[in-house]
Amino acid sequence: MSTAATSSTSTASFADTLKLYSPQKATYLWFIINAVCLFVSAALVVLVAHGPESRGDHFARQCYLIYNLGTSIVWCTEVALHLLGDGESDGGSGTGSNENESILVSRREKLAKYVELVLAAYFVLDSAYVVARWKMKLDHTSAMLGDLVVNVLVYAWATVVTWRLTKRDMDYYERIDSEARSKERTGV
């Protein structure tokens, strides 16, 4: 087997492995990740809200910088994995009765995800820039509390959405299991 063929096979295998971690396939994993981000966001709101007069202000700023860069990377990863797994089935739920309408909705959703990926990538770069400003001892905290409050709201929403997807997937697999048990009992 040629090196190019081996490389192509390993790249396809790697892409297939990544698809297993897409939000469409690993809904419970992304529910947990979003719930952890929600919890950390809320904890940082409390930490930062104590204000610059508190002794823990320097610690709060460091935590915020790590958090901001980390959540931006998580967001970028989530959207990229979503796009990678986009051609996959999402558990059997249809988006519409009309096939053309379904394709149009799918294209809009895909375009929205690409826009979201660009935004997420921008925030990764912005977060890295803020870390660089902090390393140079320049001010970076003007909007820290506002950013955290917005993040609490966003991660609360993301947690609810991923829980609903997880619940939908669990219901789908329970229905399949129930049908299989029913067939076993009837001997079909």
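A brief report on the enclosed structure follows. (Residues numbered from 1 in each chain as written. Predicted model: local features only at pLDDT ≥ 70, side-chain atom pairs only at ≥ 80, totals over all residues. Heavy atoms only, no water.)

Notes on the nonpolar core
If you look at the biggest cluster of nonpolar residues, it comprises 12 residues: C37, L44, V45, V48, A60, Y64, L65, Y67, V130, M144, L148 and Y155. Of all the secondary structure elements, the ones that give two or more residues to this core are helix 2 (27–49), helix 3 (57–84) and helix 5 (144–186). If we ignore the near neighbours within four places in the chain, the residues touching A60 are L44, L47 and V48. (Core = buried A, V, L, I, M, F, W, Y, C linked by side-chain atoms within 4.5 Å. Buried < 20%, exposed > 50% of the residue type's maximum accessible area, 1.4 Å probe, protein only. Helix = DSSP H or I, 4+ residues; strand = E, 2+ residues; numbered from the N terminus. Contact = heavy atoms within 4.5 Å.)

Observations concerning the packing of aromatic side chains
A full pass over the atoms with the stated rule returns five aromatic pairs. With a centroid separation of 6.2 Å and 35° between ring planes, the pair formed by Y28 and F31 is classed as tilted. Highlighted residues: Y28 and F31, both in helix 2, separated by three residues, approximately one helical turn. With relative accessibility at 17%, the residue F31 sits in the buried group. On the basis of an interplanar angle of 80° and a centroid distance of 5.2 Å, the ring pair of Y122 and F123 is categorised as edge-to-face. For Y122, a relative accessible area of 48% puts it in the partly exposed group. Here the aromatic residues Y28, F31 and W163 are joined through ring pairs into a cluster of three or more. (Phe/Tyr/Trp six-rings, centres within 6.5 Å; stacked < 30°, edge-to-face > 60°.)

Quick word on the packing of helix 3 against helix 5
At a closest axis distance of 12 Å, the pairing of helix 3 and helix 5 adopts a crossing angle of 45°. By the angle between their axes, helix 3 is oblique relative to helix 5. Seen from above, helix 3 lies across helix 5 with left-handed handedness. The residues of helix 5 that touch helix 3, namely those facing R61, Y64, Y67, N68 and T71, are M144, D147, L148, N151 and Y155. (Axes fitted to C-alpha atoms, helices over the stretch in contact; angles between N-to-C directions. Parallel < 35°, antiparallel > 145°, perpendicular 65-115°, else oblique. Left-handed = near helix turned anticlockwise from the far one by under 90°.)

Some words on the environment of N34
When you line up the elements, N34 lands in helix 2. Since its relative accessible area comes to 1%, N34 is described here as buried. As a C-alpha pair, N34 and V161 span 127 residues in sequence and 9.6 Å in three-dimensional space. Leave out the neighbours within four places in its chain, and N34 touches E78, Y155, A158, T159 and T162.

Describing helix 2
When the terminal C-alpha atoms of helix 2 are compared, their 33 Å separation across 23 residues agrees well with the 33 Å that a helix rising 1.5 Å per residue should span. For helix 2, the complete set of buried residues consists of T27, W30, F31, N34, C37, S41, L44, V45 and V48. Its buried side turned inward, helix 2 meets helix 3 and helix 5. (Expected span 1.5 Å × (residues − 1).)

Concerning the environment of M170
Residue position: M170 is located in helix 5. On the basis of relative accessible area, M170 is assigned to the partly exposed category, the value being 36%. Residues M170 and Y28 lie 142 residues apart in sequence; the distance between their C-alpha atoms is 9.6 Å.

Regarding the side chain of N68
Here N68 shows up in helix 3. For N68, the residues in contact, after removing those within four places along its chain, are S127 and D147.

Section: the side chain of S22
Relative to the assigned elements, S22 resides in the loop between helix 1 (3–19) and helix 2. Beyond its immediate chain neighbours, meaning those up to four positions away, S22 contacts W30, L81, H82 and G85.

Notes on a nonpolar patch on the surface
Among the surface-exposed residues, Y28, I32, V36, F39, V40, W163 and M170 lie close enough to one another that they form a single nonpolar patch of about 670 Å² accessible area. Put simply, the parts of the chain that give the nonpolar patch at least two residues each are helix 2 and helix 5. Top contributing element to the nonpolar patch by residue count: helix 2, with five residues. As for its placement among the helices and strands, V40 is situated in helix 2. Owing to a relative accessible area of 31%, V40 belongs among the partly exposed residues under this scheme. (Patch = residues over 30% accessible without salt bridge, like charges linked within 9 Å, V, L, I, M, F, W, Y side chains within 5 Å. Areas by Shrake-Rupley, 256 points an atom, 1.4 Å probe, with all protein chains shown as cover. Salt bridge = Lys/Arg side-chain N within 4 Å of Asp/Glu carboxyl O.)

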